[in-house]
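# Commentary on secondary and tertiary structure
Take a look at the letters that make up each chain.
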Amino acid sequence: MKKIEIYKVLSNKQLTKDIYEMVLKGDGSWVTNPGQFINIKVTNKFLRRPISICDWSEASLTIVYKVVGEGTSWLSGLRVNDEVEALVGLGNGFTLDDKHLLLIGGGVGIPPLYGACKQLVKMGYKPTVILGFQSKDDEFYFEKFHELTDKLYVSTNDGSLGLKGFVNDVMVKNDLCDIPYLTCGPLPMLKAIYKTSTQNGQISLEERMGCGFGACMGCSIETKNGYKRICKEGPVLSSEELLWTKD
Amino acid sequence: MDKRLAVTLSGWELDNPVIPASGTYGFGYEFCEFYDINILGSIATKGTTLEPRFGNPTPRIAECEMGMINAVGLQNPGLEKVISEEFPKLQKVFNKKVVANISGFAIEEYVACAKAMDKQDIVGIIEVNISCPNVRHGGMSFGTDPQMAAKVTKAVKEVTSKPVYIKLSPNVTDIVAIAKACEEAGADGISMINTLLGARFDLKTGKPIIHNIMGGFSGPAIKPVALRMVYQVYEAVNIPIIGIGGIASAEDVIEMMYAGATAVQVGAANCADPYACQKIINNLPSLIDKLNIEKLEDIIGRAHR
Ligand SMILES: Cc1cc2nc3c(=O)[nH]c(=O)nc-3n(C[C@H](O)[C@H](O)[C@H](O)COP(=O)(O)OP(=O)(O)OC[C@H]3O[C@@H](n4cnc5c(N)ncnc54)[C@H](O)[C@@H]3O)c2cc1C
Ligand SMILES: Cc1cc2nc3c(=O)[nH]c(=O)nc-3n(C[C@H](O)[C@H](O)[C@H](O)COP(=O)(O)O)c2cc1C
Ligand code: FES
């Protein structure tokens, strides 16, 4: 259900030089699928900021965000007990099943896959996870994923941690090209995965948003199945329906 | 319902002057999850064209200080589907008439849309967008030339008995001349203003944020421009004005009505806050008490007296 909720900051922890994890106290019962997102009101900014749900419980939400501009910088300055207003209940999220058991996350695309991994483990599956970072210093959540699964791979662009290269190199090297996948990350990574895998995947996409709830058509992209609003029919779309027209 | 909020547009009495603006409210039903949309005065539906349109590639949105740029490019399912699918869906949740916003790239397209809208019971007013700045070959030229604006007005008036409101572009040298030309051509009212042409560039890459480079700038930042233009046009014409541009609070509604508007439309504010229209409507009664306003109709054009 879509609604506006007020949350209280329980913690706001710096994970790397520019990545933070924030735990929010408040309603988490609306979450139906990992990969759904909230649209956060930022003081003195006109539009809200879409951020994925990383983890949730009945009474809390966890988000992990990268400071890239004024809005996320404002978020990083919030202290315990500060209030956060968010529009919640947004997006479709990943559809979990017994087939999509390869989870691939790149950088700040990793957070929604943590929620997916946790749910899959709860459902009794043993997902394989590939995490991609620029370098060792950018790593976050490796340990948290490790608590959930042994089948965990890492790649870094500079080889400072795990395999030197990209997540799709990990796929090739470890024979992971034939497993349907869930993924989120930068567009070039998503494209590389799409090309590398022989299987279909569920891909979480980003677009600049106006409303975030389906009213303005600001985030609408063309697919093989007609137009899709990233905020409403997405952010998770199937790899087969994407046109991959953007560079 | 507070009787003091009622206003009349070309013989159609609205419970209150608050109407969500075209393009920011879809066909209404997206907002049902947030509140009962029947509290609205009416709804201006998404700009409808004869043929379905996907619109522009993304990014279509750029945030600005107190506003946003959009380059949606009139994405809509086309006249036929709007009438056969969107209107019936809206009618299930909304029991008032709508302001049907239409757009075109040739006079024949406006005429075809107006003809079809004329037959729809749900349509209270036909609002003719001659001003959308997003579409390279359309909109702009009709809205920037008084003669073209008059031509569209006349052509649309000929095929409908419903009130026709022409929605003006602010991207002109003399908006009064255009408004007058529309009035002379038979327009029943004026909706104003549409978005101002704007652009933003990415600080890191130096590239435009919007794929189409330019887009329509709107939101609270444009309110003074809208107020000024409504004021000028009110002086020059004798037909009602729907004031649009930066409306985000009950105070904004009052101010726009002082300038000369009979009703208002709320655009970008719906994007920033889905409850924007509800909040405005809820806040109007106490605000008019505070300002010693007996009823809203009394204040239309007060700035001119
Ligand atoms: C569905 C979805 C889920 C997301 N989940 C996460 C997440 O879990 N963690 C995370 O760190 N980031 C996430 N993002 C990206 C995040 O929304 C942007 O990084 C953030 O909006 C930047 O705001 P800013 O004010 O710091 O940056 P600025 O550049 O100052 O923002 C200016 C404007 O551009 C928009 N914008 C800038 N970058 C992006 C972007 N990449 N995507 C969409 N809008 C953008 C902003 O929302 C704002 O309207 C997600 C985006 C989407 C669409
Ligand atoms: C996302 C978006 C889409 C719009 N689409 C249309 C449209 O289809 N037809 C139209 O006449 N105006 C359209 N507009 C313009 C608005 O109806 C309104 O005239 C303008 O935004 C100024 O009002 P505001 O400052 O309250 O946003 C659109 C505006 C926005 C922000
Ligand atoms: S952001 Fe408005 S429809 Fe998606």
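See the structure shown above.
The text that follows walks through the structure, step by step, so that each part is easy to find. None of these values were measured; they are calculated from a predicted model. (Residues numbered from 1 in each chain as written. Chains lettered and ligands numbered in written order. Predicted model: local features only at pLDDT ≥ 70, side-chain atom pairs only at ≥ 80, totals over all residues. Heavy atoms only, no water.)

## Topic: the packing of aromatic side chains
For the structure shown, the criterion picks out 14 aromatic pairs over all chains. Here the aromatic rings of A:Tyr114 and A:Tyr141 are separated by 5.1 Å at their centres, their planes lie at 80°, and the arrangement is edge-to-face. Of this pair, A:Tyr114 sits in helix α2 (residues 111–122) while A:Tyr141 sits in the loop between β9 (128–133) and α3 (142–146), placing them 27 residues apart in sequence. Grouping residues by exposure puts A:Tyr114 and A:Tyr141 together as buried. Ring centres of A:Phe213 and B:Phe31 lie 5.2 Å apart, and the angle between their planes is 85°; this geometry places the pair in the edge-to-face category. With A:Phe213 in the loop between β13 (201–204) and β14 (220–223) and B:Phe31 in the loop between β3 (18–20) and β4 (61–64), this residue pair bridges two chains. Given the relative accessible area of 0%, A:Phe213 is considered buried. (Phe/Tyr/Trp six-rings, centres within 6.5 Å; stacked < 30°, edge-to-face > 60°. Helix = DSSP H or I, 4+ residues; strand = E, 2+ residues; numbered from the N terminus. Buried < 20%, exposed > 50% of the residue type's maximum accessible area, 1.4 Å probe, protein only.)

## Digging into the sheet that holds β4(B)
Residues and elements named next belong to chain B. Ordered by their spatial adjacency, four strands build an open sheet running β4-β5-β11-β10, and the pairing between neighbours is antiparallel. Of all the strands in the sheet, the pair left with one neighbour each is β4 and β10 (196–199). Pairs of neighbouring strands in the sheet enclose a mean axial angle of 40°, with direction left out of account. Judged from the three bridges that link them, strand β5 (residues 67–70) and strand β11 (residues 214–218) form a sheet pairing that is antiparallel. Bridge assignment links Asn 70 to a residue of β11, and that residue is Gly 216. (Pairing = 2+ DSSP bridges. Axes fitted to C-alpha atoms, helices over the stretch in contact; angles between N-to-C directions.)

## As for helix α7 (residues 250–259) of chain B
All names here are of chain B. Of all ten residues in α7, seven are buried; the element is thus mostly enclosed. Every buried residue belonging to α7 is among Ala 250, Asp 252, Val 253, Ile 254, Met 256, Met 257 and Ala 259, and all of these are buried. In this structure, the buried residues of α7 make contact with β1 (7–9), β3, α6 (223–236), β12 (241–244), β13 (263–266) and α9 (276–290). Taken from the residues just after α7, Gly 260 is the one with a positive phi, measuring 135°. (Contact = heavy atoms within 4.5 Å.)

## A word on unusual backbone geometry
A cis amide bond links A:Gly234 to the next residue, A:Pro235, at an omega of 10°. Along the chain, the position of A:Pro235 falls in the loop between β15 (226–229) and β16 (236–238). The linkage connecting B:Met192 with the following residue, B:Ile193, adopts the cis geometry, with an omega of 15°. Tracing the backbone through its elements, the reader meets B:Ile193 in the loop between β9 (189–192) and β10. Unlike most non-glycine residues, B:Met66 shows phi in positive territory, near 55°. Along the polypeptide, B:Met66 turns up in the loop between β4 and β5. Non-glycine residue B:Ile213 carries a positive phi angle of around 70°. Mapped onto the secondary structure, B:Ile213 falls in the loop between β10 and β11. On the basis of relative accessible area, B:Ile213 is assigned to the partly exposed category, the value being 41%.

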